[in-house]
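What follows is each chain in one-letter form.
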Amino acid sequence: MDALLEGIALLDRHPPRFKRVEERARAFRQIGDFFETQTRAGHAHDLAKSPCAVWPPLQERLARAVNEIADCELRRDEVRLWQMYNHGVIIKSDEVVMGLDLVPLPRRFGWEPPAGFTQRLAGILDLLMVTHRHDDHYDRELAAACLRLGKPVFMPASLAADWGFDPNLHPVGNEWTMEIDDLRIRGQPSLHVWRKNMDEVPLVAYEVTCQEGYTFLFSGDADYTKSLEKPAYSSLDLLFIPWRNPNERYEKGHPKCKGTTLDAVNIALRRVEPAAVLHEHYAELKHVYDGFPASYDIALDLQEGMNVPSDVLFWGESLVLAPGNGSAP
């Protein structure tokens, strides 16, 4: 556990700022190595064993972030982002708190969730957006808690069909837009990574423009080489890009490989022209447990090769967002 805690402490001493920082790179490599060598089946901190020593300090970080979100006061022109577990983020302006692909904890391992945490998470949100039904992006218990509290929940129309009618449940399909809580939201139906057609895993990328003039595109697990569109109303301040490679054309060693991860990301950068990028979906614990690498090295390599500012955040970290240049000074 010392390697994990030391890596997290190093990140805390060097907060994110949309540029490569060698101390952060070293911390992410150390954290990734810990997950890969210590948490899989049969290893010292096998995540499926009870009790699990790995999750409590991570859960504590998430709980602390939720308290920060609830308590912090923002300036009228300020937007702040918190990285929650896996791909989940919470973005807060002075008017609204929005959650995207929030998962309170990975439920596969049978860990007992902290009493009231899912309800607490639902309570701080003004709305919840879900990109697709995979359980590392969609937590039905959280969605239900939001609906019980009368909070709007947005999800692909095919996923919404699993629920009964609720006036606060918003199915998102083609040509879908909404203005709510001083936000302009447009849903972009998108192709899931490593899929051939959209019907296999219906997915919605969310283009959101805040009252403060900040626009971001949260793409979930979208194949960003094929299905993302430029914002309809303004320039794009921030693009979220998922882990690893979007399809076989960029997977090293695959017979159909024609390029690198950077080649794939550059397609998205040319298409939507973001001012900054956040790399998402790293070290998702179920994936690591099943044999995938934590993949932080991919994000770190992309940081060096991309021509726009980018960063990767660990769970519980936050940063202030500023139009046009990624993060505020």
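Residues numbered from 1 in each chain as written. Predicted model: local features only at pLDDT ≥ 70, side-chain atom pairs only at ≥ 80, totals over all residues. Heavy atoms only, no water.

(A) Structural detail: the layout of surface pockets. The space that makes up the largest pocket amounts to roughly 270 Å³. Residue lining of the largest pocket: 15 residues in total, with Val193, Trp194, Trp243, Asn245 and Phe292 positioned closest to the centre. Grouping the amino acids of the lining of the largest pocket by side-chain chemistry returns 5 nonpolar, 5 polar and 5 charged. (1 Å grid on protein atoms, 1.4 Å probe; cavity = no way out; pocket = protein on both sides within 12 Å on 5 of 7 lines; lining within 4 Å. Points joined across faces, edges and corners; volume = space filled by probe spheres on them. Nonpolar A, V, L, I, M, F, W, Y, C, P; charged D, E, K, R; others polar.)

(B) Inspection of unusual backbone geometry at higher detail. Backbone torsion omega between Ser50 and Pro51 reads 0°, so that peptide bond is classified as cis. Structurally, Pro51 can be placed in the loop between α2 (22-38) and α3 (55-71). Positive phi is not limited to glycine here, since Trp194 has a value of about 60°. You can see Trp194 is positioned in the loop between β8 (183-190) and β9 (203-209). (Helix = DSSP H or I, 4+ residues; strand = E, 2+ residues; numbered from the N terminus.)

(C) Quick look at the environment of Trp176. Here Trp176 shows up in strand β7 (residues 176-180). Residue Trp176 is classed as buried on the basis of its relative accessible area, which comes to 12%. Taking the C-alpha atoms as reference points, Trp176 and Gly116, separated by 60 residues in sequence, lie 34 Å from one another. Among residues more than four places away in sequence, those in contact with Trp176 are Phe154, Pro171, Ile185, Arg186 and Gly187. (Buried < 20%, exposed > 50% of the residue type's maximum accessible area, 1.4 Å probe, protein only. Contact = heavy atoms within 4.5 Å.)

(D) Examining helix α1 (residues 2-13) more closely. The terminal C-alpha atoms of α1 lie 16 Å apart, and with 12 residues this matches the ideal 16 Å at 1.5 Å per residue to within 8%. Those residues of α1 not exposed but buried are Leu4, Gly7, Ile8, Leu10 and Leu11. For α1, the angular spread of the buried residues around the axis is 155°, confining them to a single face. With respect to the buried face of α1, the exposed residues turned more than 90 degrees away are Asp2 and Arg13. Lining the buried residues of α1 we find α2 and α3. (Expected span 1.5 Å × (residues − 1). Arc of directions from axis to C-beta.)

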